[in-house]
Amino acid sequence: MVKHSRLCGRAIVAYLQSKGFPEVALHFVRDPQTRFRLALACGNIEAAMESAFSLEQQQGLDGKARDVWGELGSEALRQGNHQVVEMSYQRKKDFDRLSFLYMLTGDSEKLRKMLKISNMRNDIMGRYHNALLLGDAAERVAVLEASGNLPLAYISANLHGLVDVAERIKVAIETQEGSVEGLMDKVPVGTKKGGRLLQPPTPIIRGGNWPTLEIKKTTLEDLSAADAGDEYEEEEAAPVADTAGAAVWEDDFAAGDADADGGLGGAADDFDMGDDDDMGWGDDLDDLGDDFGDDTPKAAPVDEMAGLNEISDDAGFQMPAAGRPPAGCWAANSSHAADHLAAGGASSAMQLLHRQIAASDFSVLKGSMLGCYLGSTVSLPGIPGSGSIVVPLMRNDASGHPGNDSLPRTSLNLRTLVAGIRQGYRFFQTGKFNDAKNAFTEVMAQIPLTAAENKNEASEMKEMLGICREYITAIRIKAAMAEAGADPVRSTEVAALFTHCDLQPVHKLLALRSAMGTSFKHKNYIVAASFARRLLELPDMRSAKNADLRMKATKVLQKSEQMARNEHTLNYNENAAFVIDCKDFVPIYTGEESVKCSYSGSSYKGSEMKGHVDLTDGFCTIGVETIGLVTGK
């Protein structure tokens, strides 16, 4: 049955197509109309084109034949076969689509031929459209003039600098007792509402057919090719046997027969119908026995060929599977909020920040979040008339494209954080405490959205987080010192706590000098002596520029050791371990109840601040136990 392409009944053909095997049904069908439908269903453009030629010879170029070429052109356009599309439009005489196809493929020469054809057909609109697609202003003016639109032709000629043509049209208008005065005033040139030059882009690359994947021939196609070779050899052998010189060709003819037999034998070996390999047909073919049983009751007549009119999109030729978009890879490969933001997943990024560091107020992070999204891609402008190309930027493509393991390159990195820390240092050194606080707060908001490249960068980022916390706390304590200037007890306590912030040595020197002066001024000599000793132990005190401060500290220490008393009772014990309450600025000694921010590490005495936003970073919730800062993928 397979070898001779004999199949009884159209029901089996419809059955094969409905089961997703139109290419198998195509092997058995000889009717051109049915073959055409099946060829389109399996994407076989060559077989569909052969059937279309057969139908054209049978029916002529009437309406049905043109519809066949239109369907073939649509399928060829879907596959990117521009040559077949061009031929289909030519056979259908669809001149508008043909002109547009030439414009898209950049074939200006054929587009100019279409202009000549439109002129021969006296198609005014066709001429104008082709002239518009070619950017031929002179031809457009000629079309307007030929169609009797002399005012439009005059305006168009003037706008495109065709002075001689404009003068000739002006004479023609005046001859017909018209006037050109005021015509150009109706055209708002030079304004936003004015006209623009309609010029198609110059074709740089003239497109050919789309590249397609090579699909291995099925067993049926291999068998058909072998059968065709057999028939050809038999037709050649018949006249040779009747000639007088048959003996001369006997050896060659026998060799040809041997080759033909070998070819058929090879095809038979390839077409294995044994039980070991059922070619994936077992389930469907087993069901055919029930359809042809004698006990089956007769059903109402059904249009068995109705299914052939529906072209299956999933059979035959298939376009290559689309690759995974970079944004999908970024979100799937990483648990870092910055990577989700780069992929456009703001919701998932905020959920990650909420789970990891208990972030709740994202208004502080808005600028950094937008930077992550906008900095992960670059927009590459294309040729005039086309849109820009968005190119994703990746941080792990140094040794080649990472494929599905790609990760985005964000706008924030370790160098950005280091620059912000250094700027905060400069502001703190010069006494610009508000600017310093803003700088450290910005760095603290950028750290959760910065992805570390390795463990060393992750450690540095966590160290920077501690630096920002200490400096922001120190600046807030400095403001509290100014508010408590009239209270000797409170001012001394706050000044003492100021010295316990982990600052740089040069800044620690300034804190100790301030605390020593405040304590000595309010006659709290015990803590004044302690600050003086700590000040003299700093390495920077040995330099010549700090000679005066070293002398003053020595005198304060001597005087304090002589007095050896505190004038006031202070809530401060330098010998006991404690952390600073970042709200009331009091010591929290070991064993006392406190709550902590899982991101900044700021501590608060008691449980009053639990559930509130951290006063140090400004966007995380206090008292929520989380995994903490995530620095990488």
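Please refer to the structure placed before this passage.
Residues numbered from 1 in each chain as written. Predicted model: local features only at pLDDT ≥ 70, side-chain atom pairs only at ≥ 80, totals over all residues. Heavy atoms only, no water.

1. Digging into the overall build of the protein
Within the protein, the secondary structure is distributed over 27 helices and 6 strands. The buried share among the 633 residues of the protein stands at 39%. Taking all contacts inside the protein whose residues are at least 6 apart in sequence as the whole, residues at least 24 apart take part in 56%. Of the roughly 36600 Å² that the protein leaves accessible, carbon and sulfur atoms contribute 52%. (Helix = DSSP H or I, 4+ residues; strand = E, 2+ residues; numbered from the N terminus. Buried < 20%, exposed > 50% of the residue type's maximum accessible area, 1.4 Å probe, protein only. Contact = heavy atoms within 4.5 Å. Areas by Shrake-Rupley, 256 points an atom, 1.4 Å probe, with all protein chains shown as cover.)

2. A short note on helix α11 (residues 150–159)
Listing the buried residues of α11 in full gives Leu150, Ala153, Tyr154, Ile155, Ser156 and Ala157. For α11, the secondary structure elements touched by its buried residues are α10 (137–146) and α12 (163–175). Of the residues trailing α11, Gly161 is marked for its positive phi of about 75 degrees.

3. Some details on the side chain of His522
Structurally, His522 can be placed in the loop between α25 (505–521) and α26 (525–536). You can call His522 buried: its relative accessible area is 16%. With near-sequence residues (within four places) excluded, His522 lies in contact with Pro488, Ser491, Thr492, Glu567 and His568.

4. Thoughts on a nonpolar patch on the surface
On the surface, a nonpolar cluster with roughly 310 Å² of combined accessible area is contributed by Val378, Leu380, Ile389 and Val391. Assignment of secondary structure puts Val391 in strand β2 (residues 389–392). Looking at Val391, the relative accessible area reads 31%, which means it is partly exposed. (Patch = residues over 30% accessible without salt bridge, like charges linked within 9 Å, V, L, I, M, F, W, Y side chains within 5 Å. Salt bridge = Lys/Arg side-chain N within 4 Å of Asp/Glu carboxyl O.)

5. Focus on a negative patch on the surface
Taken together, Asp164, Glu167, Glu174 and Glu181 make up a surface patch of like negative charges. In this fold, Asp164 is placed in helix α12. (Lys, Arg positive; Asp, Glu negative; His and termini not counted. Charge placed at Lys NZ, Arg CZ, Asp CG, Glu CD.)

6. Some words on the nonpolar core
Counting 75 residues, the largest nonpolar core has Phe440, Ile447, Leu449, Ile477, Leu535 and Tyr599 as its most contacted members. For this core, the leading source of residues is helix α23 (residues 455–483), giving 13 residues. Each residue touching Ile477, except ones within four places of it in the same chain, is listed here: Val494, Leu497, Phe498, Cys501, Ile580 and Phe585. (Core = buried A, V, L, I, M, F, W, Y, C linked by side-chain atoms within 4.5 Å.)

7. Some words on the packing of aromatic side chains
Scanning all chains against the criterion turns up 11 aromatic pairs. Ring geometry for Phe428 versus Phe433: centroids 5.4 Å apart, planes at 80 degrees, classification edge-to-face. Here the aromatic rings of Phe520 and Tyr525 are separated by 5.6 Å at their centres, their planes lie at 75 degrees, and the arrangement is edge-to-face. Classification of Tyr525 as buried rests on a relative accessible area of 11%. Put simply, the rings of Tyr425, Phe428, Phe433, Phe440 and Tyr471 touch in pairs and so form one group of aromatic residues. (Phe/Tyr/Trp six-rings, centres within 6.5 Å; stacked < 30°, edge-to-face > 60°.)

8. Digging into the pattern of salt bridges
Evaluation of the coordinates by the stated rule reveals 12 salt bridges. Between Asp136 and Arg112 there is a salt bridge, and its shortest N-O distance comes to 3.7 Å. Here Asp136, found in the loop between α9 (124–134) and α10, pairs with Arg112, found in helix α8 (residues 108–120); they are 24 residues apart in sequence, far enough to count as distant. Between Arg395 and Asp339 there is a salt bridge, and its shortest N-O distance comes to 2.9 Å. With Arg395 in the loop between β2 and α21 (414–429) and Asp339 in helix α18 (residues 337–342), this pair connects stretches of sequence that are 56 residues apart. Across the pair, exposure class does not vary: Arg395 and Asp339 are buried alike.

9. Things to note about unusual backbone geometry
Although it is not a glycine, Lys523 sits at a positive phi angle of roughly 65 degrees. In this fold, Lys523 is placed in the loop between α25 and α26. A positive phi is found at Ala564, a non-glycine position, where the angle reads about 60 degrees. If you trace the backbone, Ala564 turns up in the loop between α27 (547–563) and β3 (578–580). What makes Ala564 partly exposed here is its relative accessible area of 32%.

10. So, α21
Think of an α-helix as turning once every 3.6 residues; residues three or four places apart then point the same way. With 16 residues, α21 should reach 22 Å at 1.5 Å per residue; the first-to-last C-alpha distance of 23 Å fits that figure. Within α21 the residues assigned to the buried category are Leu414, Leu417, Gly420, Ile421, Gly424, Tyr425, Phe427 and Phe428. Relative to the axis of α21, the buried residues are bounded by an arc of 165 degrees and lie together on one face. Relative to its buried face, α21 has exposed residues pointing more than 90 degrees away, namely Arg415, Arg422 and Arg426. Against the buried residues of α21 lie α22 (433–446), α23, α24 (488–498) and α25. If you check the start of α21, you find a side-chain oxygen 3.2 Å away from the backbone N of Arg415, and it comes from Asn413. Directly beyond the C-terminal end of α21, a positive phi value near 85 degrees is found at Gly431. (Expected span 1.5 Å × (residues − 1). Arc of directions from axis to C-beta. Polar contact = N/O pair within 3.5 Å; in protein donor to acceptor, adjacent residues only side chain to side chain.)

11. Things to note about the packing of α22 against α23
The geometry of α22 relative to α23 is characterised by a closest axis approach of 9 Å and an angle of 150 degrees between their N-to-C directions. By the angle between their directions, the pair α22 and α23 is classed as roughly antiparallel. Here α22 runs over α23; the crossing is left-handed. Two secondary-structure elements touch here, α22 through Phe433, Ala436, Lys437, Phe440, Thr441, Val443 and Met444 and α23 through Leu465, Ile467, Cys468, Arg469, Tyr471, Ile472, Ile475, Arg476 and Lys478. Looking at the contact of α22 with α23 residue by residue, the classes come out as 11 nonpolar, 1 polar and 4 charged. (Axes fitted to C-alpha atoms, helices over the stretch in contact; angles between N-to-C directions. Parallel < 35°, antiparallel > 145°, perpendicular 65-115°, else oblique. Left-handed = near helix turned anticlockwise from the far one by under 90°. Nonpolar A, V, L, I, M, F, W, Y, C, P; charged D, E, K, R; others polar.)

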